[in-house]
Amino acid sequence: MEKGKIIKNISNQYTVLLKNKTFLCTPRGKFRKLGISPFVGDEVEFDLEKLTIENILPRKNELKRPNVANIDYVLIVTSLKEPQINYQLLDKQITYSFLNNITPIICFTKLDLASLQERQHFTEERKIYEQIGLKTFTNENLTDLINTLQNKIIVLTGQSGVGKSSLLNKLDPNLHLKTNEISFALNRGKHTTRHTELYKIKNIWFCDTPGFSSLDLSNYNKEQIKNSFPEFKNYQCKFLNCFHDKEKDCQIKQALAENKISRKRYENYLNFLKEVK
């Protein structure tokens with residue numbers, strides 16, 4: 001029995017990577033009976049002679065549509081200008097990442113289009129995200145970003161036009177991705193079979209998806225939304241079930257009054273609470 005990583009899935013065929021060699025495998029029928037299936041990114045045990053996937057090793061996380069497992073980072077790309085930075089969407093992407101047990105990191109783009117005043121405001125906003133423990137980068141110097149992402153599985157997400165394709169082209173100029181062309185797959189036309197695949201760029205594994213297919217928070221509960229805001233964990237309210245909304249003696253509201261947490265993020269938090277059932 002060998003251990004490998006699934007890097008591609010088309011229908012019921014899985015490409016498993018083992019020591020720079022790939023093997024086309026099919027999963028054992030037992031998975032179907034159990035109602036589970038292997039995901040791209042899964043670490044699996046497979047039979048090298050029969051080319052069958054025998055076991056799926058425990059996952060640290062997973063996403064569906066596309067089916068990807070063991071994601072190390074969600075790389076959120078957001079531009080300062082054209083389109084204007086959307087902090088509510090950014091906070092929602094961060095929250096959704098935490099809800100799925102994935103660490104988000106942020107890459108800010110198009111700083112060169114911003115005025116001096118806008119850049120100064122951005123510097124202040126960037127500190128807010130760094131203070132809650134997030135790693136932030138800009139596309140002006142990619143060295144630190146590349147070093148952080150080495151040998152990791154990445155899901156890339158961000159609004160259309162923020163520079164995701166340009167970022168990937170900087171990482172590997174041979175990609176020749178056009179503006180807003182997010183898929184890394186070559187020759188994927190209208191009639192090409194849709195599949196999920198990991199692509200290696202600069203020793204970084206990228207999933208061929210434009211990001212989350214949905215940012216719907218309605219399936220989560222208030223407790224989960226609250227726990228997705230790291231800055232709240234620094235404060236202990238009088239009541240354990242305090243949702244920092246209408247409760248009295250709330251430490252978050254006190255911190256807000258003292259400018260110790262971001263009012264913008266707090267307002268986004270309240271909006272997210274309204275989305276849950």
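Please refer to the structure higher up on the page.
So, how was this worked out
- Residues numbered from 1 in each chain as written.
- Predicted model: local features only at pLDDT ≥ 70, side-chain atom pairs only at ≥ 80, totals over all residues.
- Heavy atoms only, no water.
- Salt bridge = Lys/Arg side-chain N within 4 Å of Asp/Glu carboxyl O.
- Helix = DSSP H or I, 4+ residues; strand = E, 2+ residues; numbered from the N terminus.
- Buried < 20%, exposed > 50% of the residue type's maximum accessible area, 1.4 Å probe, protein only.
- Contact = heavy atoms within 4.5 Å.
- Phe/Tyr/Trp six-rings, centres within 6.5 Å; stacked < 30°, edge-to-face > 60°.
- Lys NZ or Arg CZ within 6 Å of the ring centre and 35° of its normal.
- Core = buried A, V, L, I, M, F, W, Y, C linked by side-chain atoms within 4.5 Å.
- Disulfide = S-S within 2.5 Å.
- Expected span 1.5 Å × (residues − 1).

With that settled, consider the pattern of salt bridges. For the coordinates displayed, the defined rule picks out 15 salt bridges. Residues Glu223 and Lys226 are paired through a salt bridge, measuring 3.6 Å at the closest nitrogen-oxygen approach. Remark: Lys226 and Glu223 occur in helix H6 (residues 222–227); sequence separation between them is three residues, near one turn of the helix. Under the relative-accessibility criterion, Glu223 is labelled partly exposed at 34%. Arg265 is the salt-bridge partner of Glu231, the closest N and O atoms lying 2.6 Å from each other. Here Glu231, found in the loop between H6 and helix H7 (251–257), pairs with Arg265, found in helix H8 (residues 263–275); they are 34 residues apart in sequence, far enough to count as distant. Accessibility classification places Glu231 together with Arg265 in one group, the buried group. Where salt bridges share partners, they join Asp42, Arg59 and Glu62 into one cluster.

This brings us to helix H5 (residues 164–171). Along an α-helix, a turn takes 3.6 residues, which lines up residues three or four apart on a common side. The buried fraction of H5 amounts to six of the eight residues, a majority that puts the element mostly inside the structure. For H5, the full list of buried residues reads Lys164, Ser165, Leu167, Leu168, Asn169 and Leu171. If you follow the buried residues of H5, they end up packed against strand S8 (73–79), strand S9 (103–109), helix H4 (143–149), strand S11 (153–157), strand S12 (196–201) and strand S13 (204–207).

Further remarks concern the packing of aromatic side chains. Under the counting rule described, the total for this entry stands at eight aromatic pairs. Measuring from centroid to centroid gives 5.2 Å for Phe229 and Tyr269, while their planes differ by 70°, and the two rings are edge-to-face. Of this pair, Phe229 sits in the loop between H6 and H7 while Tyr269 sits in helix H8, and the two are 40 residues apart along the sequence. Residue class for Phe229 comes out buried when judged on its relative accessible area of 0%. Ring centres of Phe232 and Tyr269 lie 4.9 Å apart, and the angle between their planes is 85°; this geometry places the pair in the edge-to-face category. Remark: Tyr269 occurs in helix H8 and Phe232 occurs in the loop between H6 and H7; sequence separation between them is 37 residues. Assessed through its relative accessible area of 0%, Tyr269 is described here as buried. Three or more aromatic residues joined by ring pairs make a cluster, and in this case those are Phe229, Phe232, Tyr266, Tyr269 and Phe272. Positioned above the aromatic ring of Phe243, the side-chain terminus of Lys222 is 5.9 Å from the ring centre. The side chain of Lys264 reaches across the aromatic face of Tyr87, ending 4.2 Å from its centre.

Position of Thr103 relative to the elements: it lies in strand S9. For Thr103, a relative accessible area of 39% translates into the label partly exposed. Distance in space between the C-alpha atoms of Thr103 and Val44 is 23 Å, their sequence separation being 59 residues. If near-sequence neighbours (up to four positions away) are discounted, Thr103 is found in contact with Asp72, Tyr73 and Val74.

Membership of the largest hydrophobic core comes to 55 residues, with the highest contact counts inside it found for Ile53, Leu90, Phe108, Tyr129 and Ile225. When sequence neighbours within four positions are dropped, the list of residues in contact with Phe108 reads Thr78, Leu80, Ile85, Leu90, Phe122, Arg126, Thr136, Phe137, Thr138 and Asn139. Tyr73, Val77, Cys107 and Leu168 belong to the second-largest nonpolar core, a separate cluster that totals 18 residues.

This next bit is on the state of the cysteines. On inspection of all chains with the given rule, the structure shows zero disulfides. Of all cysteine sulfurs in the structure, the one in Cys107 sits closest to Cys207, which takes part in no disulfide; the separation is 18 Å.

In this model, helix H3 (residues 116–131) (16 residues) spans 23 Å end to end at C-alpha, consistent with the 22 Å of a helix rising 1.5 Å per residue. Packed against the buried residues of H3 are helix H2 (87–99), S9, strand S10 (135–138) and H8. At the C-terminal side of H3, Gly133 shows a positive phi close to 100°.

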